[in-house]
Amino acid sequence: ILNVEQSPQSLHVQEGDSTNFTCSFPSSNFYALHWYRWETAKSPEALFVMTLNGDEKKKGRISATLNTKEGYSYLYIKGSQPEDSATYLCAFNNNAGNMLTFGGGTRLMVKP
Amino acid sequence: DSGVTQTPKHLITATGQRVTLRCSPRSGDLSVYWYQQSLDQGLQFLIQYYNGEERAKGNILERFSAQQFPDLHSELNLSSLELGDSALYFCASGAGTSGGPTYEQYFGPGTRLTVT
């Protein structure tokens, strides 16, 4: 059983704050790490797929880093806005197959 | 809008019944993934099809089965339904030519199944 942990479980920040959260995954047999953004009553939306140790990806105010040797990825949001409020999911794949194992998510709430 | 469609949006049925959920992937995507989101659990991978063939299997119950048709749409069949099968079922489609996990997955709107 693969363990993918996300912390914190939930986070309340003020508009304009920058924030970050963590995804931990098994460091052996790493293949890919996905980040998704999931708004209530909508479907998960792909943010990043990361495959290389040291990878950094950026999309607007959101960026992510990857450390495959120690088994973690950080997602950063710069200058949070109320529309960033969502659950952020990470999903891990090892090289044993195509399935993604999802973490429990970090629920972000940005207050105006 | 991800380009992935799922029908129906909602389904209410009784225990012991059988239902079929349908998914059409984004144009050009050959992979279809099925996931289950229960109240007390995160997204759980069920099964993946790539170009008509089963490619990966997660913790899918024996009462559940899926297939992918030549036009690439997929159906998830759930039979002998139990109360615990009530969940949100997502389908996702994947880009890429090999159906592998290094490509983003695009999720449909989901089918909410309620078993009474």
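Residues numbered from 1 in each chain as written. Chains lettered and ligands numbered in written order. Predicted model: local features only at pLDDT ≥ 70, side-chain atom pairs only at ≥ 80, totals over all residues. Heavy atoms only, no water.

**Considerations on the layout of surface pockets**
Now for step 1: Taken as a whole, the largest pocket holds about 1,000 Å³ of empty space.
Now for step 2: Taken together, 42 residues make up the lining of the largest pocket; nearest its centre are W38, A41 and K42 of chain A together with L88 and F90 of chain B.
Now for step 3: Elements represented by at least two residues in the lining of the largest pocket include exactly β4 (30-38), β5 (45-50), β9 (86-94) and β11 (106-111) of chain A together with β9 (87-94), β10 (105-107) and β11 (111-115) of chain B.
Now for step 4: In terms of residue count, the dominant contributor to the lining of the largest pocket is β11 of chain B (four residues).
Now for step 5: By volume, the second largest pocket amounts to about 280 Å³.
Now for step 6: If you go around the second largest pocket, you meet 14 residues; those closest to its centre are L2, M99 and T101 of chain A together with Q44 and N59 of chain B.
Now for step 7: The biggest single contributor to the lining of the second largest pocket is strand β5 (residues 43-50) of chain B, with three residues. (1 Å grid on protein atoms, 1.4 Å probe; cavity = no way out; pocket = protein on both sides within 12 Å on 5 of 7 lines; lining within 4 Å. Points joined across faces, edges and corners; volume = space filled by probe spheres on them. Helix = DSSP H or I, 4+ residues; strand = E, 2+ residues; numbered from the N terminus.)

**So, the interface of chain B and chain A**
Now for step 1: Taken together, the 22 residues of chain B in the interface contact 19 residues of chain A.
Now for step 2: When the two sides are added together, the surface that chain B and chain A hide from each other amounts to roughly 1,500 Å², 69% of it contributed by carbon and sulfur.
Now for step 3: On the chain B side of the contact with chain A, L43, P101 and F107 of chain B bury the most area, a combined 36% of that side's loss.
Now for step 4: Applying the counting criterion to the chain B and chain A interface returns zero salt bridges.
Now for step 5: Among the elements of the structure, β4 (31-37), β5, β6 (53-57), β9 and β10 of chain B are those that each provide at least two residues to the side of chain B that touches chain A.
Now for step 6: Class assignment of the residues belonging to the side of chain B that touches chain A gives a composition of eleven nonpolar, eight polar and three charged. (Contact = heavy atoms within 4.5 Å. Buried area = accessible area lost by both parts, 1.4 Å probe. Salt bridge = Lys/Arg side-chain N within 4 Å of Asp/Glu carboxyl O. Nonpolar A, V, L, I, M, F, W, Y, C, P; charged D, E, K, R; others polar.)

**Observations concerning the pairing of β4 of chain B**
Residues and elements named next belong to chain B.
Now for step 1: Taken across its seven residues, β4 has seven buried, putting it largely inside the fold.
Now for step 2: Burial along β4 is two-sided: the face carrying S31, Y33, Y35 and Q37 and the face carrying V32, W34 and Q36 are both buried.
Now for step 3: Here β4 runs beside β5; their pairing, made up of seven bridges, is antiparallel. Residue Y33 lies in a different strand from β5, and its bridge partner there is Q48.
Now for step 4: Where β4 folds back onto β5 in an antiparallel hairpin, the turn is made up of five residues. (Buried < 20%, exposed > 50% of the residue type's maximum accessible area, 1.4 Å probe, protein only. Pairing = 2+ DSSP bridges.)

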